[in-house]
Amino acid sequence: MVNESPTSATVRAMAASIALLPEHVIDQIAAGEVIERPASVLRELIDNALDAEARRIVIDIQGGGVEAIVVLDDGQGMTPEDAKRSILRHATSKIRTLSDLKTLQSRGFRGEALASISAVSRFVLTTRAAHAEIATELSSEGGTLVEPRTAAGQPGTKVEVRDLFFNIPARRKFLKSTPTETAHIHKCLIRAALSRPDVRFELRRDGVRSKLFAATDAMGRVEQVFGESTVKELVAPNEGSVAVRAYLAAPERARSGAGSLHIFVNGRPVIDSALARSVAFAYGSVLPPGKYPLGAVHLNIDPELVDINVHPQKLEVRFSDGREVYETLTRKLATLLGTTPWSRVDAKKPTAWRQKGASSGPSLSDYKPRPSAQDTWATLSILRDATSHLQVHRQHSTFAESKGAFASLRPIAQLQSLFILCEGQSGLYIIDQHAADERVRFSKLRRAFDSRELQIQRLLFPAQVDVGEEALGWLSENAEALSSLGIDATPLSDSELLVRALPAIVANGDPAALTLHALRELQREADRNWSDHVDTALATMACHAALRRGDRISLKECSALLAELDASEAFKEHCPHGRPVVFTISYDELEAKLGR
Ligand code: ADP
Ligand code: MG
């Protein structure tokens, strides 16, 4: 094809041909290490196959991808000339000028992947353009090119990468065990698969098929990846500059760390902790700090407002207005999830903060309009219903909705000083006393806080708490922070507080631990809504005062707890940290289990 140096008009006419990027463009492209480990090779090769409009991608790995990664696609393939150019540094068919980045549809644009990969491996590229009669094979050992030759091969491209880093022992030493590298490969495949449900992906490990994602639609793909009925589709109304479509699991499925939450911006998988946190915040207090939901979230944003040229591995993006993106994401998801406990503050009433005129307090705009408690519950019960892993009784989700549901249960025993066994009309109900009591206390605290009617109880023995100098410094600038939560504390030294009173609802808790943890929650993460901080701080306080494993309670006390559960608002079936409160075994199930 084209051998002469093409003008940009001819380039556009023959968009598929590869050319070297001009120096000034190279200088503007995020530089850095592209290939870190086998999974980074795989990501680049999958990106290339997708850019070549492949419909099927077959991946073969050996030894966690360190021994071999082979990626076969049925895409457009390359002409012999393009094949030769493809492994040159800064050779790409995808952009010609920097401004092309603004409207870029492809995943690649740096022209570096094949050059980098072929430089650190034993590399073979076999490719055949759709209209060509024969394929071209090109091989390289650590970047030393062997003269290309013709070969047999189907239309499309096969890239074989063996002995990664064989010529750079120092890098090879940093590779992890086969299972770890395989896990990275899996994650990479899952992200690719979630981003393109219409493409078929197959993974073979050491010759044995280990994953097959047949081409399907978006919901079909998330079911292939996460299992059936695990995630719920949440599509936000299309308004504003950020469109959101998510597939998220119930809070019980949350994991520590954001590894199972896959985020895509304009179709590209990205790793962005602020985006991940924005998703977690949308769950409100049902997710404890550090936990992230399982699922996939797709954001679509005007490409002009997203800079994709900020990371050598194209894993990060930058938004022209990040705050707007993060807040919109949380707000839209929170509405869809219906889990915005913080939103129960009535925006018309001044909050405790306003009243006291604290300058660093929250602005009223922090508080979002509230969904009705019923909506909230309805959504969560759908989410919950969708998680069959607990094998919770089917009618279970309607249970807590009916009036006086918990009070209608008859407590029959306390098990292991932790579980309350109850006889109900349709089954056996097993209640976690800590989760239940925590939920009750949190609801009461929340209500009292919202209506500014928090009852304070003076401590018989004021407690000394060492919170550290930093926290004390923070408190001196946020003087009302603790008092608005009903904690009366005064500085005792450079790092210590004297706690004199607590909210009556939690006054039985350890004042030192409770104050320390509440304070930590208030201080945590500067980019959260203030109302979120309050929420998690209240949840922590409730947790410190709640019944624990080992606390023996009478059946009468059990009944009182059940009645109080009915009185708490949404999420009766979860403690504020997201754990389920109740587990049900229906009599039908029991009879079936016992062969009746
Ligand atoms: P980039 O993807 O950034 O352009 P790469 O080094 O990954 O850079 O690839 C260089 C070029 O080789 C691409 O622009 C593309 O034209 C071509 N190419 C690479 N892989 C394939 C493939 N699987 N099918 C068709 N063309 C490919
Ligand atoms: Mg590429």
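For clarity, every value in this text was computed on a predicted model and none was experimentally measured.

Draft legend 1. The arrangement of the overall build of the protein chain in detail. The helix and strand inventory of the protein chain stands at 19 helices and 26 strands. Counting every position in the protein chain, which comprises 596 residues, the buried fraction comes to 54%. Within the protein chain, counting contacts between residues at least 6 apart in sequence, those at least 24 apart form 70% of the total. Looking at the protein chain as shown, the accessible area adds up to about 26,700 Å², and 51% of this sits on carbon and sulfur atoms.

Draft legend 2. Focus on the sheet that holds strand S22 (residues 427-432). If you trace the four strands from one edge of the open sheet to the other, you get S20-S21-S22-S26, paired in antiparallel fashion. Strands with a single pairing partner mark the edges of an open sheet, and in this sheet they are strand S20 (410-415) and strand S26 (582-586). Geometrically, the sheet is characterised by an average inter-axis angle of 25° between neighbouring strands, direction not taken into account. One ladder, built from five bridges, connects S22 with S26; its direction is antiparallel. For Tyr429, the partnering residue across the bridge sits in S26 and is Thr584.

Draft legend 3. Representation of the pairing of strand S11 (residues 231-235). Sheet topology places S11 next to strand S12 (residues 242-249); five bridges connect them, and they run antiparallel. Across the sheet, residue Leu234 finds its bridge partner in S12, namely Ala246.

Draft legend 4. Local environment of the site of ligand 1. In the vicinity of ligand 1 lie 19 residues, with Asn48, Thr92, Ser93, Lys94 and Gly111 positioned nearest. For ligand 1, whose free accessible area comes to 530 Å², the fraction covered by protein is 95%. Those elements that provide at least two residues to the shell around ligand 1 are strand S4 (91-92) and helix H5 (113-119). Taken together, the residues of the shell around ligand 1 break down into seven nonpolar, eight polar and four charged.

Draft legend 5. Representation of the pattern of salt bridges in the model. Enumeration according to the criterion identifies 23 salt bridges in this entry. Measuring nitrogen to oxygen at the nearest pair gives 3.2 Å for the salt bridge that ties Glu112 to Arg110. Here Glu112 matches Arg110 in class, with each residue buried. For Glu327, the salt bridge identified is with Arg323, shortest N-O distance 2.9 Å. Within this pair, Glu327 and its partner Arg323 are both found in helix H10 (residues 322-337), separated by four residues, close to a single helical turn. The class of Glu327 is partly exposed, set by a relative accessible area of 36%.

Draft legend 6. Region of the structure containing the packing of helix H14 (residues 433-450) against helix H18 (residues 555-567). Contact pair H14 / H18: the axes reach a minimum separation of 9 Å and the direction vectors enclose 50°. Judged by the inter-axis angle, H14 sits oblique to H18. Remark: the crossing between H14 and H18 carries left-handed chirality. Mapping the contact onto sequence places Gln433, Ala436, Asp437, Arg439, Val440, Lys444 and Arg447 in H14 and Leu561, Glu564, Leu565 and Ala567 in H18.

Draft legend 7. Spotlight on the side chain of Ser116. Note that Ser116 resides in helix H5. Accessibility expressed as a relative area gives 11% for Ser116, which makes it buried. Residues contacting Ser116, with those up to four places away along its chain left out, are Val34, Ile35 and Arg89.

Draft legend 8. Structural detail: the nonpolar core. If you look at the biggest cluster of nonpolar residues, it comprises 52 residues, and the most contacted ones within it are Leu45, Ile46, Ile57, Ile59 and Phe201. Non-local contacts of Phe201, meaning those with residues more than four positions away in its chain, are made with Ile46, Leu50, Ile57, Leu189, Ala192, Ala193, Arg196, Lys211, Leu212, Phe213 and Arg221. Grouped together as the second largest cluster of nonpolar side chains are 40 residues, Ala236, Leu261, Tyr283 and Val297 included.

Draft legend 9. Representation of the sheet that holds strand S3 (residues 68-73) within the structure. Strand order in the open sheet made by the eight strands is S7-S6-S5-S8-S3-S2-S9-S10, with mixed pairing throughout. The open sheet is flanked by strand S7 (144-151) and strand S10 (208-213), the only strands paired with a single partner. Across the sheet, the mean angle from the axis of one strand to that of its neighbour is 10°, orientation sign disregarded. Here strand S9 (residues 200-205) runs beside S10; their pairing, made up of five bridges, is antiparallel. Note on S10: the bridge partner recorded for Glu202 is Leu212.

Draft legend 10. Summary view of H18. Compared with an ideal rise of 1.5 Å per residue, which puts 13 residues at 18 Å, H18 spans 19 Å between its outermost C-alpha atoms and is within 8% of the ideal. Buried residues along H18 sit against S20, strand S21 (419-423), S22 and H14.

Draft legend 11. Representation of the packing of helix H7 (residues 178-195) against helix H8 (residues 218-226) within the structure. Where H7 contacts H8, the two axes come as close as 9 Å, and the packing angle between them is 160°. Considered as vectors, H7 and H8 are oriented roughly antiparallel to each other. Note that H7 runs across H8; the crossing there is left-handed. Facing H7, whose interface residues are Ile190, Ala193 and Leu194, H8 presents Arg221, Val222, Val225 and Phe226.

Draft legend 12. Region of interest: the environment of Leu475. On the secondary structure map, Leu475 appears in helix H15 (residues 469-477). For Leu475, a relative accessible area of 11% gives the class buried. Taking the C-alpha atoms as reference points, Leu475 and Thr490, 15 residues apart in sequence, are found 9.9 Å from one another. Not counting residues up to four positions away in its chain, the partners in contact with Leu475 are Ala481, Leu482, Leu497 and Leu519.

Analysis parameters
- Starting from 1, residues in each chain are numbered consecutively following that chain's sequence as written.
- Whichever chain is written first becomes A and whichever ligand is written first becomes 1, with later ones labelled in order.
- Totals for whole chains, interfaces and linings use every residue, but because this is a predicted model, local features are given only for residues with pLDDT of at least 70 and side-chain atom pairs only at 80 or more, for both listing and counting.
- As a convention, hydrogens and water are excluded, and side-chain values are obtained from all of the structure's heavy atoms.
- A run of H or I in DSSP counts as a helix once it spans at least four residues, and a run of E counts as a strand once it spans at least two, with each numbered from the N terminus.
- Throughout, exposure labels follow a simple rule: accessible area from a 1.4 Å probe, protein chains only, divided by the maximum for the residue type, with under 20% read as buried, over 50% as exposed, and the rest as partly exposed.
- When checking whether two residues touch, look at their non-hydrogen atoms; a contact exists if any pair is within 4.5 Å.
- With residues, only the protein chains shown are counted as cover, and all accessible areas are computed by Shrake-Rupley using a 1.4 Å probe.
- DSSP calls a pair of strands paired once it identifies at least 2 bridges connecting them.
- Helix axes are fitted to C-alpha atoms over the stretch in contact, other axes to C-alpha atoms as well, and angles between N-to-C directions run from 0 to 180 degrees.
- Whether a residue is near a molecule or strand depends on its heavy atoms: if one lies within 4 Å, it is near.
- Under the convention adopted here, Pro, Cys and the residues Ala, Val, Leu, Ile, Met, Phe, Trp and Tyr are nonpolar, Asp, Glu, Lys and Arg are charged, and Gly plus all remaining residues are polar.
- Throughout this description, the term salt bridge denotes a Lys or Arg side-chain nitrogen within 4 Å of a carboxyl oxygen of Asp or Glu.
- Here roughly perpendicular refers to angles of 65 to 115 degrees, roughly parallel to angles under 35, roughly antiparallel to angles over 145, and oblique to all remaining angles.
- A clockwise turn of the near helix away from the far one marks a right-handed crossing, whereas an anticlockwise turn of less than a right angle marks a left-handed crossing.
- Within this scheme, the nonpolar core is defined by two criteria: the residues are buried Ala, Val, Leu, Ile, Met, Phe, Trp, Tyr or Cys, and they are joined through side-chain atoms within 4.5 Å.
- Any helix carries an expected span of 1.5 Å times its number of residues minus one.

The quantities given are spatial measurements derived from coordinates; they are silent on function.
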